[in-house]
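# Structural overview for review
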Amino acid sequence: MKLFVYDHCPFCVKARAIFGLKDVPFDLAILLNDDEATPVSMIGKKMAPILEHDGRFIADSMDIVAHVDGLSGTRILSGPCNPAVAQWLTDASEPLFRLALPRWASADLEEFSTPEARAYFTRNKEAMIGSFAVHMAASSDYIATLNQHLPTLAPLILSADGVSGELSETDIHLFAALRALSIVKGIIYPAAVDAYRIRMAQRTGIDLHDAIAI
Ligand SMILES: N[C@@H](CCC(=O)N[C@@H](CS)C(=O)NCC(=O)O)C(=O)O
């Protein structure tokens, strides 16, 4: 199996996470962000993640999660989804992406290893959320919003090994968001949230971006 991703992409983190949690071997391929030909040749559009398995392509992150979880043995995402965490993620989403997108655009990530790939990302994402410079200038407000919001997540985390006490799809969504947030410097993680994101990084085999946070 070969998984095509961008390092920064939270949807790609969801797809990568199930391989680590389930301990299933796979090849990871990081696409250049301006490489349209490769994804288009596989799924007819420019989108990641893409899983190639036995000559078939799966193009949606949660379809990849379900596919890999169903491959061998019993499913590990067996717990109930947690609507309170889903609501927390919805509420965090706007400041999170306004903080993360401009930071990813200037970070040392493999999908941006050419100037053209970096420029492609900036052009496309600014068309979606507006000027990165404006969002960077508003960073302290967004960070304050998230630092106020994070303490309400802490009591929802029942265990560092599964937000609802056992693993569920909610863990996939929550870890992807916390991994995205790790590119932002100045976030104050309540102890339970910090323990959770560190444990999930370990179990999924996906590095947090703390070391390159901006
Ligand atoms: N529904 C898809 C959404 C994936 C998605 O939006 N991926 C983004 C990257 S985070 C993408 O490839 N966008 C096109 C681009 O960045 O050029 C999934 O869950 O896999």
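Residues numbered from 1 in each chain as written. Predicted model: local features only at pLDDT ≥ 70, side-chain atom pairs only at ≥ 80, totals over all residues. Heavy atoms only, no water.

### Examining helix H9 (residues 191-204)
With 14 residues, H9 extends 20 Å between its outermost C-alpha atoms, agreeing within 8% with the 20 Å of an ideal straight helix rising 1.5 Å per residue. Of all the residues in H9, the buried ones are Val193, Tyr196, Arg197, Met200, Ala201 and Thr204. For H9, the angular spread of buried residues about the axis comes to 130 degrees, placing them on one side. Of the exposed residues in H9, the ones pointing more than 90 degrees away from its buried face are Ala191 and Gln202. (Helix = DSSP H or I, 4+ residues; strand = E, 2+ residues; numbered from the N terminus. Expected span 1.5 Å × (residues − 1). Buried < 20%, exposed > 50% of the residue type's maximum accessible area, 1.4 Å probe, protein only. Arc of directions from axis to C-beta.)

### Some words on the environment of leucine 109
Counting through the fold element by element, leucine 109 comes out in the loop between helix H4 (83-106) and helix H5 (115-129). A relative accessible area of 3% places leucine 109 in the buried class. Sequence-wise, leucine 109 and isoleucine 172 are 63 residues apart; in three dimensions their C-alpha atoms are separated by 22 Å.

### What about the side chain of histidine 149?
Within the fold, histidine 149 resides in helix H7 (residues 139-149). In this view, histidine 149 contacts Trp88, Asp91 and Ala92; residues no more than four positions away in its chain are not counted. (Contact = heavy atoms within 4.5 Å.)

### Examining the pattern of salt bridges
Taken as a whole and assessed by the stated rule, the structure comprises nine salt bridges. Taking the shortest distance from any N to any O, the salt bridge between arginine 16 and aspartate 7 comes out at 3.7 Å. With relative accessibility at 12%, the residue aspartate 7 sits in the buried group. In this structure, arginine 197 and aspartate 194 form a salt bridge, with 2.8 Å as the shortest nitrogen-oxygen distance. Of this pair, arginine 197 and aspartate 194 both sit in helix H9, three residues apart, roughly one helical turn. Connected through shared salt-bridge partners, Asp7, Arg16, Arg179 and Asp207 make up one network. (Salt bridge = Lys/Arg side-chain N within 4 Å of Asp/Glu carboxyl O.)

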